[in-house]
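Residues per chain are reported as follows:
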Amino acid sequence: SDYRFQDDPYLTPKTSSEFKLFSLSQESGRNAAKYFISTYPKYFQKDYAQPHIPCLMPETLEAQIEEVSEAALIERIQMRKVKAAVDLYDQLQQAGTPVSLDVTNQLLDLICFYGDCDPAQENVPEQRNEETRSPCLVFSFRENNNAERIFALLSEPNTHSYSALIRGMVKYGAYSKAFSTYTDLLNNQLKADVSTFNALITAAPEVKEKYNEKWELIVDLLKQMAEQKVKPNLLTLNAVLKALRRCGTVGKSQAFPVISEMRALSIDPSLASYNHLLSIFYKPGAPFQGQTDILQEVMNEVSGKSFTPQDPDDGICLLLQVHELTFTSNARFFSLLCMMENIDVVLKWYRDLVPSVYYPSSNVMRDLLQVLDTDNRLDLIPQIWKDLKQLGHGNRQTLVEELLTLMAREKQNQEVQETFAECALDIKKMYDTGDRGKVMMSWTAGSLSDLVSVLLAAQRRQDAWEILKLFKTHNRVPSEELLDKFLTCIKESGDVNQALELVQISAGFCLPGTPKLIQRVQQEFLLSEQQK
């Protein structure tokens, strides 16, 4: 396990949703720490570290230019002081001091990127009251927001001005406004830049309902890029692929043609490109079903290559999905291994990845059981059962029943049968108590029969007898074959009384095979007159 969980394995993320929650919680903690450091910097000035580590100390940046001037505005923009920059811009306007278009565009970039709030205030703790909550949390392109207000003051906005506004609108969900602003840009005889087109392509699925309409809008934007002689870049490719994730079957049909066309323009995919491509064909968390050709193709593409982040989404891939992209999602990678490789190769990857890197789903664990069966390595089942419990799959009834069936199917050597018996009794506890308050499993005739068979094979007759009683407790009917097997085991010990009890159990269930069972007892056991 990761060192963070050594003291409390309960906190170990076991599913993709739990891992996402853990990552978000971790980031929330970092943001809370940043908030306190930036709000109360005087309490964090003492540096006890030896040697001094600058990157671990809070920034103590204060504006040096105090007068109301364009230079002071540039300084606040460079320091990313959004509110202070907006206030200073308004003071310059009120004083009649002109601000150059270039500096105003820089201010628009700042506002539209950070959403009208200072970056150090992002994602502050929810305990703060409504009056001091960061505008970032509620920012939208409502009427007369600072970005649109300052843009409206420009006598002759240029492409950069429109680009900043459109990208901000897309980032904060004002998709229709973004396309309306793009129309204004064209009406003013201006041409959009590549960043503007990339933002609009990302927004395309949000303004259309049907898959084909979404794709038609993306194609239209790409054609307009060509008409305006705007050369696409890697971010254009990734914007199209990201949009195609929202286009259903249309996305699957267009993904590879898009990549081919971009390659013809000397644009090679990045990590984010492959991530988007996999997301088009495989839904996160869904069981792996076929389409291994796409999987193998992507694996071949990324194998042996080193990637440098070129897209903001590349950073996310490097942080959270390095294994998912190298192996194109651990679940699919593991399922593919189970389909194509022998047990030694599968176990090598399994031991390397589980659970420190990858938490397999119940479907993947079922694939692993099938490999154990195919390669005749059922002796590993008890260890796999321990992993199943640790991974939170100990109450997956279909998985547990399959595991019991494999152990009961054929007899192993005595040492293996003994480990099977211990495993079977541990499984029984899960039926009795459940797992961390989760839904308890219900006994079926099959699971009870398998459990009895495993115990009998290990010569644990008394334990098997206790399980046999559970048939009546849970209104289940044992098979004639099971009772016949049980009688054979009783015969080895010569316990006449238990043989008679077994006959009574059979008769109590009104099994058609009861007369045959009686006949066997009469022939194979020495009975007293009363017993006869």
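Figured I'd write up the structure that's included with this text. Sequence order sets the numbering: in each chain, residues are counted from 1 along the sequence as written. In keeping with the predicted nature of the model, local features appear solely for residues at pLDDT of at least 70, side-chain atom pairs appear and are counted solely at 80 or more, and the whole-chain, interface and lining totals rest on all residues. Side-chain descriptors were evaluated using all non-hydrogen atoms of the structure, hydrogens and water having been removed beforehand.

1. Comments concerning the pattern of salt bridges
Part 1 of the argument: A carboxyl oxygen of Asp or Glu within 4 Å of a side-chain nitrogen of Lys or Arg is what we treat as a salt bridge. Throughout the structure, instances matching the rule amount to 20 salt bridges.
Part 2 of the argument: A salt bridge links Asp90 to Arg149, with the nearest nitrogen and oxygen atoms 3.0 Å apart. Placement of Asp90 in helix H3 (residues 82–94) and of Arg149 in helix H5 (residues 146–152) is noted, with a sequence separation of 59 residues between them.
Part 3 of the argument: Remark: exposure states derive from per-residue accessible area (1.4 Å probe, protein chains only) relative to the maximum for the residue type, with buried under 20%, exposed over 50%, and partly exposed in between. Note on Arg149: relative accessible area 22%, which makes it partly exposed. Only DSSP runs of H or I reaching four residues or more are called helices, and only runs of E reaching two or more are called strands; each is numbered from the N terminus.

2. With respect to the side chain of Ser279
Part 1 of the argument: Along the chain, the position of Ser279 falls in helix H12 (residues 271–281).
Part 2 of the argument: Taking the relative accessible area as the measure of exposure, Ser279 reaches 12% and is therefore buried.
Part 3 of the argument: Polar contacts here mean pairs of N or O atoms no more than 3.5 Å apart (in protein, one a potential hydrogen donor and the other a potential acceptor; neighbouring residues in sequence count only if both atoms are side-chain atoms). Of the polar contacts made by the side chain of Ser279, one reaches the side chain of Arg245; its length is 3.5 Å.

3. Focus: the side chain of Arg76
Part 1 of the argument: Relative to the helices and strands, Arg76 resides in helix H2 (residues 70–78).
Part 2 of the argument: A polar contact is formed between the side chain of Arg76 and the side chain of Glu75, at a distance of 3.3 Å.
Part 3 of the argument: Among all residues touching Arg76, those that are not within four sequence positions of it are Ala63, Ile65, Glu66, Lys81, Ala84, Ala85 and Leu88. Throughout, a contact is declared for two residues whenever any of their heavy atoms are within 4.5 Å.

4. Some points on the environment of Asn233
Part 1 of the argument: Its place among the elements puts Asn233 in the loop between helix H9 (211–227) and helix H10 (234–244).
Part 2 of the argument: The spacing of Asn233 and Ser266 is 33 residues in sequence and 9.1 Å in space, taken between C-alpha atoms.
Part 3 of the argument: Beyond its immediate stretch of four places on either side in the chain, Asn233 contacts Val194, Asn198 and Ile267.
Part 4 of the argument: Looking at Asn233, its side chain comes within polar contact range of the side chain of Asn198, at 3.3 Å.

5. Notes on helix H8 (residues 194–207)
Part 1 of the argument: Take the residue count of a helix, subtract one, and multiply by 1.5 Å to get its expected span. Between its terminal C-alpha atoms H8 stretches 20 Å, which fits the 20 Å expected from 14 residues at 1.5 Å a residue.
Part 2 of the argument: Throughout, bend refers to the angle between the axes fitted to the seven residues that end at a position and the seven residues that start at it. Along its length, H8 reaches its greatest deviation from straightness, about 30 degrees, at Ile201, and the proline Pro205 lies no more than four positions downstream.
Part 3 of the argument: Most of H8 sits out of view: ten of its 14 residues are buried.
Part 4 of the argument: Residues of H8 that are buried: Val194, Thr196, Phe197, Asn198, Ala199, Leu200, Ile201, Ala203, Ala204 and Pro205.

6. A few points about unusual backbone geometry
Only a minority of non-glycine residues have a phi that is not negative, and only a minority of peptide bonds are not trans.
Part 1 of the argument: Positioned with a positive phi, Ser266 is a non-glycine residue whose angle comes to about 65 degrees.
Part 2 of the argument: Within the secondary structure, Ser266 sits in the loop between helix H11 (248–264) and H12.
Part 3 of the argument: We note that Asn475 has phi near 55 degrees; this positive angle belongs to a residue other than glycine.
Part 4 of the argument: Structurally, Asn475 is set in the loop between helix H23 (461–473) and helix H24 (480–493).
Part 5 of the argument: Asn475 gets classed as exposed once you look at its relative accessible area, which sits at 67%.

7. So, a nonpolar patch on the surface
Part 1 of the argument: Patch building starts from residues that exceed 30% relative accessible area and form no salt bridge, then joins like charges within 9 Å and nonpolar side chains (Val, Leu, Ile, Met, Phe, Trp, Tyr) within 5 Å. Values of accessible area rely on a 1.4 Å probe in the Shrake-Rupley scheme; residue burial ignores everything except the protein chains shown. Among the surface-exposed residues, Phe36, Tyr40, Tyr43 and Phe44 lie close enough to one another that they form a single nonpolar patch of about 430 Å² accessible area.
Part 2 of the argument: Relative to the elements of secondary structure, Tyr43 occurs in the loop between helix H1 (16–39) and H2.
Part 3 of the argument: Residue Tyr43 is classed as exposed on the basis of its relative accessible area, which comes to 58%.

8. Some remarks on the packing of aromatic side chains
Part 1 of the argument: The rule is short: rings of Phe, Tyr and Trp, with Trp giving its six-membered ring, pair when the centres are within 6.5 Å, and they are stacked under 30 degrees, edge-to-face over 60, tilted in between. All told, the structure shown has nine aromatic pairs when counted by the stated rule.
Part 2 of the argument: Both rings, one in Phe36 and one in Tyr40, keep their centres 6.3 Å apart while their planes meet at 20 degrees; by these two values the pair is stacked.
Part 3 of the argument: Accessibility expressed as a relative area gives 40% for Phe36, which makes it partly exposed.
Part 4 of the argument: A centroid spacing of 5.6 Å and a plane angle of 75 degrees characterise the contact between Trp465 and Phe486, whose relative ring orientation is edge-to-face. Within this pair, whereas Trp465 is found in helix H23, its partner Phe486 is found in helix H24, the two being separated by 21 residues in sequence. Comparing Trp465 with Phe486 shows no difference in burial state: the two are buried.
Part 5 of the argument: Ring pairing ties together the aromatic residues Tyr35, Phe36, Tyr40 and Tyr43, which thus form one cluster.
Part 6 of the argument: Against the face of Phe113 rests Lys171, its NZ or CZ located 3.7 Å from the ring centre.
Part 7 of the argument: Any Lys NZ or Arg CZ found within 6 Å of a ring centre and within 35 degrees of that ring's normal is scored as a charge over the ring. For Lys348, the ring lying beneath its charged end belongs to Trp349, and the centroid distance is 4.9 Å.

Fair warning: the whole summary comes from geometry, so function is off the table for now.
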